[in-house]
Amino acid sequence: MTRVIRLLCPFAASVLMAAAASAQTSDPAMDTLRTAYEQAWKKADAKALAALYTEDAVTVNAAGVVSRGRAAIEKGIGETLAGDAKGTTLSITPGALQVIAPDVAVGDGTYTLTGGTGTATGKGRYLNTVVKRGASWAIAASAAFVPMSPQTGTKPPAGKTQD
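Bear in mind the structure is a predicted one, so any value in this text is a computation, not a measurement.

1. Here we look at the overall build of the protein
Broken down by element type, the protein carries 4 helices and 6 strands. Along its sequence from the N terminus, the protein presents helices and strands in the succession α-α-α-β-β-α-β-β-β-β. Across the 163 residues in the protein, those meeting the buried criterion constitute 38%. Carbon together with sulfur atoms contributes 55% to the accessible area of the protein, which is approximately 8700 Å² in total.

The structure is reproduced here in C-alpha coordinates:
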(Lines give C-alpha, C1' and ligand atoms only; values in the text may rest on other atoms or scores of the structure.)
Protein backbone atom coordinates (compact mmCIF):
# COMPACT_ATOMS: atom_id res chain seq x y z
CA MET A 1 0.00 0.00 0.00
CA THR A 2 2.79 2.46 0.85
CA ARG A 3 4.31 1.87 -2.60
CA VAL A 4 1.02 2.75 -4.24
CA ILE A 5 0.65 5.91 -2.17
CA ARG A 6 4.19 6.89 -3.14
CA LEU A 7 3.32 6.41 -6.80
CA LEU A 8 0.15 8.43 -6.48
CA CYS A 9 1.62 11.36 -4.60
CA PRO A 10 2.93 13.45 -7.48
CA PHE A 11 -0.27 13.07 -9.40
CA ALA A 12 -2.50 13.72 -6.45
CA ALA A 13 -0.33 16.62 -5.49
CA SER A 14 -0.96 18.24 -8.83
CA VAL A 15 -4.66 18.17 -8.18
CA LEU A 16 -4.06 19.63 -4.77
CA MET A 17 -2.07 22.53 -6.11
CA ALA A 18 -4.84 23.41 -8.48
CA ALA A 19 -7.34 23.27 -5.64
CA ALA A 20 -5.13 25.40 -3.39
CA ALA A 21 -4.77 28.09 -5.99
CA SER A 22 -8.45 27.90 -6.77
CA ALA A 23 -9.41 28.25 -3.14
CA GLN A 24 -7.22 31.30 -2.65
CA THR A 25 -7.70 33.18 -5.89
CA SER A 26 -10.65 34.15 -8.01
CA ASP A 27 -9.05 33.03 -11.27
CA PRO A 28 -11.61 30.92 -13.16
CA ALA A 29 -8.78 29.27 -15.12
CA MET A 30 -7.46 27.75 -11.89
CA ASP A 31 -10.93 26.37 -11.13
CA THR A 32 -10.99 24.89 -14.62
CA LEU A 33 -7.67 23.11 -14.03
CA ARG A 34 -8.85 21.66 -10.71
CA THR A 35 -12.19 20.52 -12.12
CA ALA A 36 -10.57 18.98 -15.20
CA TYR A 37 -8.09 17.05 -13.03
CA GLU A 38 -10.80 15.77 -10.70
CA GLN A 39 -13.00 14.65 -13.59
CA ALA A 40 -10.13 12.94 -15.42
CA TRP A 41 -9.09 11.13 -12.21
CA LYS A 42 -12.66 9.93 -11.67
CA LYS A 43 -12.69 8.59 -15.25
CA ALA A 44 -9.18 7.10 -14.84
CA ASP A 45 -8.16 9.02 -17.97
CA ALA A 46 -4.35 9.18 -17.85
CA LYS A 47 -4.11 10.99 -21.18
CA ALA A 48 -6.45 13.76 -20.02
CA LEU A 49 -4.58 14.04 -16.71
CA ALA A 50 -1.19 14.26 -18.42
CA ALA A 51 -2.53 16.96 -20.74
CA LEU A 52 -2.90 19.19 -17.68
CA TYR A 53 0.89 19.23 -17.25
CA THR A 54 3.35 21.31 -19.23
CA GLU A 55 5.20 19.38 -21.92
CA ASP A 56 8.41 19.52 -19.84
CA ALA A 57 6.82 19.03 -16.38
CA VAL A 58 8.70 17.20 -13.64
CA THR A 59 7.18 15.11 -10.87
CA VAL A 60 8.90 13.52 -7.89
CA ASN A 61 6.93 11.00 -5.88
CA ALA A 62 7.36 10.14 -2.21
CA ALA A 63 9.71 7.27 -3.11
CA GLY A 64 11.94 9.72 -4.96
CA VAL A 65 11.02 8.49 -8.43
CA VAL A 66 11.32 11.31 -10.96
CA SER A 67 9.12 11.52 -14.06
CA ARG A 68 10.23 14.04 -16.67
CA GLY A 69 7.92 15.13 -19.45
CA ARG A 70 4.28 14.63 -20.21
CA ALA A 71 4.73 11.17 -21.79
CA ALA A 72 6.46 9.75 -18.71
CA ILE A 73 3.86 11.34 -16.45
CA GLU A 74 1.04 9.83 -18.52
CA LYS A 75 2.64 6.40 -18.32
CA GLY A 76 2.98 6.61 -14.55
CA ILE A 77 -0.55 7.87 -14.04
CA GLY A 78 -1.94 5.18 -16.33
CA GLU A 79 -0.16 2.41 -14.45
CA THR A 80 -1.34 3.79 -11.14
CA LEU A 81 -4.98 4.20 -12.16
CA ALA A 82 -5.11 0.73 -13.74
CA GLY A 83 -3.50 -0.84 -10.66
CA ASP A 84 -4.05 -0.37 -6.97
CA ALA A 85 -5.70 3.05 -7.42
CA LYS A 86 -8.40 1.74 -9.74
CA GLY A 87 -11.72 3.39 -8.91
CA THR A 88 -10.32 5.61 -6.16
CA THR A 89 -11.60 9.01 -5.09
CA LEU A 90 -9.21 11.87 -4.44
CA SER A 91 -10.17 14.42 -1.76
CA ILE A 92 -8.20 17.66 -1.76
CA THR A 93 -7.47 20.01 1.13
CA PRO A 94 -5.65 23.12 -0.08
CA GLY A 95 -2.99 24.72 2.08
CA ALA A 96 -0.98 27.86 1.49
CA LEU A 97 -0.53 29.46 -1.91
CA GLN A 98 2.22 31.86 -2.90
CA VAL A 99 1.87 33.76 -6.14
CA ILE A 100 5.42 34.22 -7.43
CA ALA A 101 4.45 36.18 -10.54
CA PRO A 102 1.18 36.77 -12.39
CA ASP A 103 1.82 33.54 -14.30
CA VAL A 104 3.52 31.39 -11.61
CA ALA A 105 2.18 30.07 -8.28
CA VAL A 106 3.49 27.62 -5.68
CA GLY A 107 1.19 25.87 -3.24
CA ASP A 108 1.01 23.10 -0.68
CA GLY A 109 -1.72 21.07 0.96
CA THR A 110 -2.92 17.56 1.70
CA TYR A 111 -4.90 14.83 -0.01
CA THR A 112 -6.81 11.71 0.93
CA LEU A 113 -7.26 8.76 -1.41
CA THR A 114 -10.23 6.48 -0.67
CA GLY A 115 -12.36 3.73 -2.18
CA GLY A 116 -11.62 1.83 -5.33
CA THR A 117 -11.06 -1.80 -6.12
CA GLY A 118 -7.33 -1.86 -5.34
CA THR A 119 -5.43 -1.40 -2.11
CA ALA A 120 -4.54 2.27 -2.54
CA THR A 121 -5.81 4.43 0.28
CA GLY A 122 -4.09 6.98 2.43
CA LYS A 123 -3.11 10.54 3.06
CA GLY A 124 -0.23 12.66 1.83
CA ARG A 125 1.15 16.17 1.38
CA TYR A 126 2.26 18.05 -1.73
CA LEU A 127 4.19 21.06 -3.02
CA ASN A 128 3.48 22.12 -6.61
CA THR A 129 4.26 24.83 -9.12
CA VAL A 130 1.72 25.86 -11.75
CA VAL A 131 2.26 28.22 -14.66
CA LYS A 132 -0.18 30.18 -16.74
CA ARG A 133 0.03 29.65 -20.47
CA GLY A 134 -2.34 31.96 -22.28
CA ALA A 135 -5.67 31.78 -20.48
CA SER A 136 -5.00 28.38 -18.84
CA TRP A 137 -2.94 27.10 -15.91
CA ALA A 138 -0.74 24.00 -16.28
CA ILE A 139 1.21 21.94 -13.78
CA ALA A 140 4.94 22.48 -14.23
CA ALA A 141 6.35 20.69 -11.18
CA SER A 142 4.95 18.38 -8.54
CA ALA A 143 6.62 16.97 -5.43
CA ALA A 144 4.76 14.87 -2.90
CA PHE A 145 5.33 12.74 0.13
CA VAL A 146 3.64 10.54 2.70
CA PRO A 147 4.59 11.76 6.17
CA MET A 148 6.62 9.29 8.18
CA SER A 149 5.17 7.95 11.42
CA PRO A 150 7.10 9.02 14.52
CA GLN A 151 9.18 6.23 15.98
CA THR A 152 7.99 5.01 19.34
CA GLY A 153 10.25 6.01 22.21
CA THR A 154 12.40 8.49 20.28
CA LYS A 155 13.28 11.81 21.82
CA PRO A 156 14.80 14.89 20.19
CA PRO A 157 18.43 15.70 21.06
CA ALA A 158 19.02 17.76 24.22
CA GLY A 159 18.09 21.38 23.69
CA LYS A 160 16.00 20.61 20.58
CA THR A 161 12.24 20.45 20.33
CA GLN A 162 10.15 18.18 18.23
CA ASP A 163 7.36 19.80 16.22
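2. A few points about the sheet that holds strand β4 (residues 104-115)
The mixed open sheet is built from 6 strands, whose spatial order is β2-β1-β6-β5-β4-β3. Where the open sheet ends on each side, the last strands, each with one partner, are β2 (66-68) and β3 (88-101). Recorded for the sheet is a direction-independent mean angle of 20° between the axes of neighbouring strands. Sheet contacts for helix α2 (residues 28-42): β1 (53-60), β3, β4, β5 (122-133) and β6 (136-145); angle to β6, the most-contacted strand, approximately 60°. Of the strands in this sheet, β1 and β2 are in contact with helix α4 (residues 70-82), which crosses β1 at around 55°.

3. Things to note about unusual backbone geometry
In this structure, Ala-44 takes a positive phi of about 55° despite not being glycine. Here Ala-44 lies in the loop between α2 and α3 (46-50).

4. A word on the pairing of β3
Examined bridge by bridge, β3 and β4 share 11 bridges and lie antiparallel to one another. Across the sheet, Thr-88 pairs through a bridge with Gly-115, a residue of β4. With antiparallel pairing between neighbouring strands as the criterion, β3 and β4 make up a hairpin whose turn holds 2 residues.

5. Considering the pattern of salt bridges
If you walk through the whole model with that rule in mind, you get 3 salt bridges. Across the pair Lys-75 and Glu-79 runs a salt bridge, and its minimum N-O distance is 3.5 Å. Residue Lys-75 and its partner Glu-79 are both found in helix α4; the two are separated by 4 residues, about one turn of the helix. A salt bridge links Asp-108 to Arg-125; the nearest nitrogen and oxygen atoms lie 3.4 Å apart. Here Asp-108, found in strand β4, pairs with Arg-125, found in strand β5; they are 17 residues apart in sequence, far enough to count as distant.

6. What about the nonpolar core?
Nonpolar side chains in soluble globular proteins tend to end up buried together. Tyr-37 and Ile-77 are the most contacted members of the largest nonpolar core, which has 24 residues in total. A per-element tally of this core places α2 first, with 6 residues.

7. Overview of the environment of Thr-119
With respect to the helices, strands and loops of the structure, Thr-119 is situated in the loop between β4 and β5. For Thr-119, a relative accessible area of 45% gives the class partly exposed. Taking C-alpha positions, Thr-119 is 8.8 Å from Gly-83, a pair spaced 36 residues apart along the chain.

Rules used in this analysis
Residues numbered from 1 in each chain as written. Predicted model: local features only at pLDDT ≥ 70, side-chain atom pairs only at ≥ 80, totals over all residues. Heavy atoms only, no water. Helix = DSSP H or I, 4+ residues; strand = E, 2+ residues; numbered from the N terminus. Buried < 20%, exposed > 50% of the residue type's maximum accessible area, 1.4 Å probe, protein only. Areas by Shrake-Rupley, 256 points an atom, 1.4 Å probe, with all protein chains shown as cover. Pairing = 2+ DSSP bridges. Axes fitted to C-alpha atoms, helices over the stretch in contact; angles between N-to-C directions. Contact = heavy atoms within 4.5 Å. Salt bridge = Lys/Arg side-chain N within 4 Å of Asp/Glu carboxyl O. Core = buried A, V, L, I, M, F, W, Y, C linked by side-chain atoms within 4.5 Å.

Fair warning: the whole summary comes from geometry, so function is off the table for now.
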